[in-house]
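Descriptive analysis of the structure
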Amino acid sequence: MISLPDKFKQRLGWILLLALIWQLIAASHFFSELIFPGLDKIILTLFTSLTNGNLLKQLIFSLIIIAQGLTLTVILALSLSILAYFSELAASLLETLTALAHPLPGIALMPLILIWFGAGKTAILLVIIHSVLWPLILNLRAGFNAMPSIYNLIAQNYCLTKLEFLFKILFPAALPYFISGLKISWARSWRALISAEMLFGAINSLGGIGWYIFQRRVFFDLPGVFAGLVVIILIGIIVEDFIFARLEAKTVQKWGMSK
Amino acid sequence: MISLPDKFKQRLGWILLLALIWQLIAASHFFSELIFPGLDKIILTLFTSLTNGNLLKQLIFSLIIIAQGLTLTVILALSLSILAYFSELAASLLETLTALAHPLPGIALMPLILIWFGAGKTAILLVIIHSVLWPLILNLRAGFNAMPSIYNLIAQNYCLTKLEFLFKILFPAALPYFISGLKISWARSWRALISAEMLFGAINSLGGIGWYIFQRRVFFDLPGVFAGLVVIILIGIIVEDFIFARLEAKTVQKWGMSK
Amino acid sequence: MSKYLELKSVSKKYQQQNKEELVLKNVNFSVKKGELAAILGPSGCGKSTLLKLIAGFIKTDQGIISKEGRIIRGPGLDRIMLFQDFEQLFPWLTVLNNIIFALKASRKTEKNSFNFWPGQFRQDLKLLAKEYLAKVKLSQYQDYYPHQLSGGMKQRVALARTLAVQGEIMLMDEPFASLDSQTRQDLQQLLSDLQLNNSRTILFVTHDIREAVFLADKIIVLKDNPGEVISVLANNLPYPRQRSSEQFNQLSEKITSLF
Amino acid sequence: MSKYLELKSVSKKYQQQNKEELVLKNVNFSVKKGELAAILGPSGCGKSTLLKLIAGFIKTDQGIISKEGRIIRGPGLDRIMLFQDFEQLFPWLTVLNNIIFALKASRKTEKNSFNFWPGQFRQDLKLLAKEYLAKVKLSQYQDYYPHQLSGGMKQRVALARTLAVQGEIMLMDEPFASLDSQTRQDLQQLLSDLQLNNSRTILFVTHDIREAVFLADKIIVLKDNPGEVISVLANNLPYPRQRSSEQFNQLSEKITSLF
Amino acid sequence: NHQSSQQQVGLKKRKLVIAEQYGLAYAPIQLIKVKKMLENAEPGLEIEWKQLSNTAAIREAMLAGRVDIGFMAIPPFLIARDKGMDWQIITGLAHCPLALMSNQSAVNSLADLKPENRIALPQPGSIQHILLTMAAQKEFGQADLFDNQLLTMSHPDAMNALLAGHEVTAHFSSPPYLFKESKIEGIKSILTGQAAFGGDFTFIVGVSKSNFYQENPQLYQVFMQTLQKAVAELSHNPAQAAKNLAAVYDLNQQELLTYLTWPGMKYSQDVQGLKRFADFMTFQGYLTSNNFKVGNLVKTNSIFKIIGETEGND
Ligand SMILES: Nc1ncnc2c1ncn2[C@@H]1O[C@H](COP(=O)(O)OP(=O)(O)OP(=O)(O)O)[C@@H](O)[C@H]1O
Ligand SMILES: Nc1ncnc2c1ncn2[C@@H]1O[C@H](COP(=O)(O)OP(=O)(O)OP(=O)(O)O)[C@@H](O)[C@H]1O
Ligand SMILES: [Mg+2]
Ligand SMILES: [Mg+2]
């Protein structure tokens, strides 16, 4: 395991390299500038959008929705997977639901969501949940099933209540699966958010970062589009390095449950 | 573990129950029939669409693309994860790329894909790959890292070449993760396909099942939309029960690597 | 007091590939309260299976296991099992916390009914855990995680955990298998003292005949293919037992000749 | 022939919580070709660590380990290790295939250079694997998966695997720890015969002093905290060795007194 | 008096939800929004502006009762009406120049389009699609001649593709994209909407479910009058409107004024071309029945006229 500072340096190096490549392509004018703007333009736009508060406002709107969506989904996924772990009937229902719902694109649910929940925050939340819930459930259930059976015996022996079993054994034992599920969920929630915000549009012009990007695109402001994407990417990397990397270092790595 | 026939019965029961609930809601006329068509209408549309060959043709087109996309993505994900397993430099690049690309919605990549690859099959393939690759990589890498370290020692001891190590140890040891990654990928590829086909569609010509659904929607034919979705769901369940369930029964379950 | 723990014509089959295999056939014996019974038998004859049946983890195919006249139907805190496996400690808990975990679990009722000071209660448990860790000579390793321990150390932690819980019946599956003779003799002495002073009932699987003679009041000898009791010997040697005494060696010889 | 395998002032530290801990300190000894050296020492003194150093899995912090004058820099097929762990078999391979796996891996060069009939080659390996499985008395379990075996049976399969490979040096970490005395004596005899007839070099960790005296030409005794060699004894008792002979008991006593 | 009219409006509904899309055709709506014209006309009335990104979503939201008034082109309105949706056109909004733009020097008319050339437009059943089939019918006698060469793309994507010069040979464009494209060298119009249609037609109309104006007659009337004022400002004082709307369209005032006064741009509540669309779409099978009477399709109002619906079967 390389130490964190080293890891950061490598990461930074790669990002700089990728940025350089981008800038070279832009400078080569191989593509029209309207289609492939240089980093200078993107960063300038980013800066103005951030300072005039518009981007920041939309971003906060989106982050709040993501936080709510992820919290809800994690709770939901945990509850359902746990239920399925303990009850065969629930397991077969959950498997059926997952098989039914997981391949359904959010777009297909749009009409129903629109009808039931309008085009507001609830609708976006639902799209995020639909996008994140099923893969998280799959990972969680795989993790639960892969738990060494001896832990189960020990739990039975010490007459743990189901709740104790859950929190003291099942969760920590399935943690490697849970973390990889969370990583997937985190990225998925961004994707779902952006598509949903684009599709459901804005109410009184507050539409989140997805709407911001959509608007920039409609106004043919490509540097603006990329500025929005850069913000998403930056947040993604921060979460990856500061939350997930630490979570792993403090748990599965420390416990010798992962390389 | 309940036996397969039992499982099928339960699954069938749940599906019938869900169908019944649907039909009751439809019959209650709580929603306009335009938006919540009864199952009879949906099945009728499904039947006509299937018999006049239109739906079937689109479906086959889509299935071929999914098969290609999944094959490609699995190979790519395996290669990249393996590279990252053996080289720290590659690992940090891959981590950076995943963190960058995973949260990016396909919609954001559309303009670039269009310009570089046109709006044909390649573009759809790329959207599928982008949608499936990153979560699969995350699951695979988690699986590789969770491999018991003693297997690694044994591999070193017997001087296995990297290739032998891969195929004889790393893959089977990471199989539970791989299977859950594949399940996620399978569902994701449907979602990506449908969105891509909607975005890149071509009127009247072969556009796949996503295109079929989109067309039904713009012509305000909701039973047609649901007929398309039913087809996707049916295929999803068949794959789940006949491919994944068997794969698990013949591998991780037989080997005692899962409950 | 007689017939405290009783097995009546117990049989157990395992599903092997496509056939069923009888691993325990018509096993009959009983253990008195406060007795230490050693189970001897060739590798694979069903000793671990026998303990798991008594612990209630698996069900008999035929026959009855009863404690104080009541049939055993599942696991319970009155019968604490020490497994043969090295990996029975939870990797996410330190050595000390592994023991505290078991103590907490086994004293739940006590905590709720008697103790008004949960802080004090926790303190008590910690002291108790430390006491038993000292008995197995691992005090200085209390903050290590299991993956940082040697094989024998893991087994000793598991032993400390089992002893600390002070179940009515202790089911021990080769607890000393990986220990050097000095440590082994110390721990044998510890076990013997515990049993004599606190009159615990202990079932003890071992492959060491002299260990059985040193510790046991009753020695149950099994043969394999299928597992059957071939002899139940009473051991009335006086305490403290002398390994070099003539009677000791005579009994050992006698048992050796049974194989 | 002297100084075939040599350790010169070998030290090894482990990173523990936030401090480094010395587990092996200034270890010096050598083993001749064809010699069987037993390593004795209290639990946790560093015996497994010592074998892992010789196998090349981990690096010394100080000192040099050399074979035939050449420094050992990594694992190799000339030194085959049998681990202390029960879980060293691959769960996805049957018992027989676990052995064949190792055979194939160790004979790669042979296969490529000498054999024109890969089918024949595979047949030969299978026969060899079966032969060794018979030697550890597990012929009838050849098609079982590891999770269906008892603890002692797993260890015997691992033993068969190590023996079948016929490495120049065999590093065995308590291979008989979980075996009943009859099986144990049979396997000790097997090992002794193999070593005498084929002049294999064997390093053998055990906690059973009489086992060491029966098998070893050289007995290396370690103390713990930190692990240090306190004595290297030559064992010149003539073959076949008699466990009841006076010399045998004298030597055993002498070693016992060292602890 | 003001007080009583406010109460009358308030009788049924205190909130109005309006759904719009992006484009120059929607300028009157934007004007109402930025100048808070509805709020001023009816103090206390809550207005929710929903920006949706596609026509199908507007349709579905209206069907669900989540949107009171929506704006779209005539063909999508007709398709839903044909499927049984109980709604009517309540006003026209704008006439706009539409045109098929191409980036290839060799392509100067529909006849120059080869089978491998791709044509980008928003979606099947959109006004752009119907116009193209009308032209194909007229010129080649085969309405679906180009259907195998179409790509569905949003306007900005299509413009990108046209600029990049790959993949797309032609784009059926609408303002402001049409104006931007026509300013770029090498891109030109090969077919106008008017030529395809064979006359003038309303590009965007306002629609509403019948129960909305039946249950909220005053609200409906207030909206119509406000729209009338907005349309008037755009028609008679475009410079003022450009000043008000520059920020909304993210354009400078001068550029926006040029666009607003571009030849062919006409803001008007009159509805024109309905009958011909309905007839053609029925003939081509996009609509299953054509027993629509124009009177049933449009909620008439003295504020606007229905133009060019004299011939036909009503
Ligand atoms: N991966 C590790 N990380 C940190 N410390 C370790 C690690 N492995 C072993 N140790 C420490 O090194 C010491 C020696 O361990 P080792 O496994 O070599 O002992 P051993 O002599 O084989 O004991 P046993 O007979 O119980 O198997 C122990 O104190 C242990 O805590
Ligand atoms: N989960 C299982 N599935 C199928 N067969 C099993 C299973 N567990 C054990 N067996 C079989 O049952 C028999 C007895 O196993 P058991 O573990 O009880 O033996 P044991 O006496 O404890 O042996 P050892 O001394 O080697 O630990 C063995 O032949 C084994 O193959
Ligand atoms: Mg056992
Ligand atoms: Mg060891």
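Position numbers for residues start from 1 in each chain and track the written sequence from start to end. Here the convention is simple: chains get letters from A, ligands get numbers from 1, in the order in which they are written. Totals for whole chains, interfaces and linings use every residue, but because this is a predicted model, local features are given only for residues with pLDDT of at least 70 and side-chain atom pairs only at 80 or more, for both listing and counting. Heavy atoms from the whole structure form the basis of all side-chain values; hydrogens and water molecules are not counted.

**Considerations on the coordination of the magnesium ion (ligand 4)**
Residue and element names in this part refer to chain D. For the record, the criterion: Metal-coordinating donors are taken as N, O and S atoms lying within 2.8 Å of the metal, or within 3.2 Å when the metal is Na, K or Ca; because water is left out, some sites can appear incomplete. Numbering of helices and strands runs from the N terminus; a helix is a DSSP stretch of H or I covering at least four residues, while a strand is a stretch of E covering at least two. To sort residues, take the accessible area from a 1.4 Å probe on protein chains only and compare it with the maximum for the residue type: under 20% means buried, over 50% means exposed, and anything in between is partly exposed.
Distances from the magnesium ion (ligand 4) to its protein donors, namely Ser48 (OG) and Gln84 (OE1), fall within the range 1.9 to 2.2 Å. Pair noted here: Ser48 is in helix α1 (residues 47-55) and Gln84 is in the loop between β6 (79-82) and α2 (95-106), with a separation of 36 residues, a long-range link. We classify Ser48 as buried; its relative accessible area is 17%.

**Quick look at the nonpolar core**
Definition in use: Only buried residues count toward a nonpolar core. Its members are Ala, Val, Leu, Ile, Met, Phe, Trp, Tyr and Cys residues joined through side-chain atoms within 4.5 Å. Here a residue-residue contact requires only that any non-hydrogen atoms of the pair lie within 4.5 Å.
Counting residues in each nonpolar core, the largest one holds 367 residues, and the members touching the most others are Leu203 of chain C together with Leu203 of chain D. If you tally residues by element for this core, the top one is helix α8 (residues 162-200) of chain A, at 19 residues. Those residues in contact with Leu203 of chain D, other than ones at most four positions away along the chain, are Leu5, Phe29, Val31, Ala37, Ile39, Leu51, Ile54, Ile169, Met170, Leu171 and Met172 of chain D.

**Section: the site of ligand 2**
This is how it is decided: Nearness is judged by heavy atoms alone; a residue qualifies as near a molecule or strand once a single heavy atom is within 4 Å of it. By the criterion applied in these results, polar contacts are pairs of N or O atoms within 3.5 Å in which, for protein atoms, one can donate a hydrogen and the other can accept it, and in which residues neighboring in sequence qualify only through two side-chain atoms. Computed with a 1.4 Å probe, the accessible areas rest on the Shrake-Rupley method; for each residue, only the protein chains presented here act as cover. Throughout this entry, Asp, Glu, Lys and Arg are counted as charged residues, while Ala, Val, Leu, Ile, Met, Phe, Trp, Tyr, Cys and Pro are counted as nonpolar. The remaining residues, Gly among them, count as polar.
For ligand 2, the set of nearby residues contains 21 residues, the closest of which are Lys47, Ser48 and Thr49 of chain C together with Gln148 and Ser150 of chain D. Nearby residues around ligand 2 are contributed by chains C and D. Thr49 of chain C is positioned with one of its side-chain polar atoms (N or O) 2.5 Å from an oxygen atom of ligand 2. At 3.5 Å, a backbone N or O of Gly151 of chain D approaches an oxygen atom of ligand 2. About the coverage of ligand 2: the protein hides 90% of its 640 Å² of free accessible area. When residues of the shell around ligand 2 are traced back to their parent elements, those giving at least two are β1 (5-16) and α1 (47-55) of chain C together with α5 (151-165) of chain D. Residues that form the shell around ligand 2 fall into these classes: 7 nonpolar, 12 polar and 2 charged.

**What to know about the interface of chain E and chain A**
Applied cut-off: Put simply, buried area is how much 1.4 Å-probe accessible surface two parts lose in total, over both of them, once they are put together. The working definition used for a salt bridge is a side-chain nitrogen of Lys or Arg within 4 Å of a carboxyl oxygen of Asp or Glu.
In this assembly, 25 residues from chain E lie in contact with 24 residues from chain A. When the two sides are added together, the surface that chain E and chain A hide from each other amounts to roughly 2,100 Å², 60% of it contributed by carbon and sulfur. Considering only the surface of chain E that becomes buried against chain A, Gln51, Ser53 and Arg66 of chain E emerge as the three largest contributors, covering 25% of it. The interface formed by chain E and chain A contains 1 salt bridge.

**Some thoughts on the pairing of strand β3 (residues 36-40) of chain D**
A regular strand places its side chains so that they alternate between the two faces of the sheet. Residue and element names in this part refer to chain D. Operational definition: Paired strands, in this sense, are two strands between which DSSP finds at least two bridges.
Taking burial as the measure, the 5 residues of β3 include 5 buried ones, the bulk of the element. Residues of β3 alternate between two faces, with Leu36, Ala38 and Leu40 on one and Ala37 and Ile39 on the opposite face, all of them buried. With 4 bridges connecting them, β3 and strand β8 (residues 201-205) associate as parallel partners. Bridge pairing links Ala38 to Phe204 in β8. With 4 bridges connecting them, β3 and strand β9 (residues 218-223) associate as parallel partners. When the bridges of β9 are listed, Leu40 appears paired with Val221.

**Here we look at the relation of the copies chain B and chain A**
Under the convention used in this document: Residues below a pLDDT of 70 in either copy are left out; the C-alpha atoms of the rest, at least 70 in both, set the least-squares superposition of the copies.
Rotating chain B by 179° and moving it 0.0 Å along the rotation axis overlays it on chain A with an RMSD of 0.2 Å. These values place the two chain copies in the arrangement generated by a two-fold rotation axis. A share of 98% of the interface residues of chain B reappears at the interface of chain A, consistent with the copies meeting face to face through the same patch.

**Details of the UniProt feature "transmembrane region" (unreviewed entry) in chain A**
Residues and elements named next belong to chain A. Under the convention used in this document: UniProt positions are given in the numbering used here, feature names are shortened, and annotations may be inferred rather than shown by experiment.
UniProt tags residues 12-31, 59-85, 97-117, 123-144, 165-186, 192-214 and 226-247 as "transmembrane region" (unreviewed entry). With 85% helix and 0% strand, the stretch residues 12-31 has end C-alpha atoms that lie 27 Å from each other. The straight-line gap between the two end C-alpha atoms of residues 165-186 is 27 Å; of that span, 100% is helix and 0% is strand.

**Points about the site of ligand 1**
Of all residues adjacent to ligand 1, which total 21 residues, the nearest are Gln148 and Ser150 of chain C together with Lys47, Ser48 and Thr49 of chain D. Ser150 of chain C places a side-chain nitrogen or oxygen 2.6 Å from an oxygen atom of ligand 1. Between an oxygen atom of ligand 1 and a side-chain N or O atom of Glu174 of chain D, the distance comes to 3.4 Å. Isolated, ligand 1 exposes 640 Å² of accessible area, and the fraction of that covered by the protein chains is 90%. Every element with two or more residues in the shell around ligand 1 is listed here: α5 (151-165) of chain C together with β1 (5-16) and α1 of chain D. The class makeup of the residues in the shell around ligand 1 is 7 nonpolar, 12 polar and 2 charged.

**Section: the packing of helix α3 (residues 54-86) of chain B against helix α8 (residues 162-173) of chain B**
Residue and element names in this part refer to chain B. What counts is decided by this rule: Lines are fitted to the C-alpha atoms to define the axes, a helix being fitted only along its stretch in contact, and any angle between axes, read from their N-to-C directions, falls within 0 to 180 degrees. By the definition adopted for this analysis, an angle is roughly parallel if under 35 degrees, roughly antiparallel if over 145, roughly perpendicular if from 65 to 115, and oblique otherwise.
Running from N to C, α3 and α8 point in directions that differ by 105°, and their axes come no closer than 12 Å. When the axes of α3 and α8 are compared, the pair comes out roughly perpendicular. Within the contact between the two elements, α3 uses Leu78, Ile82, Tyr85 and Phe86 and α8 uses Lys162, Phe165, Leu166, Leu170 and Phe171. Residues belonging to the contact of α3 with α8 are distributed by class as follows: 8 nonpolar, no polar and 1 charged.

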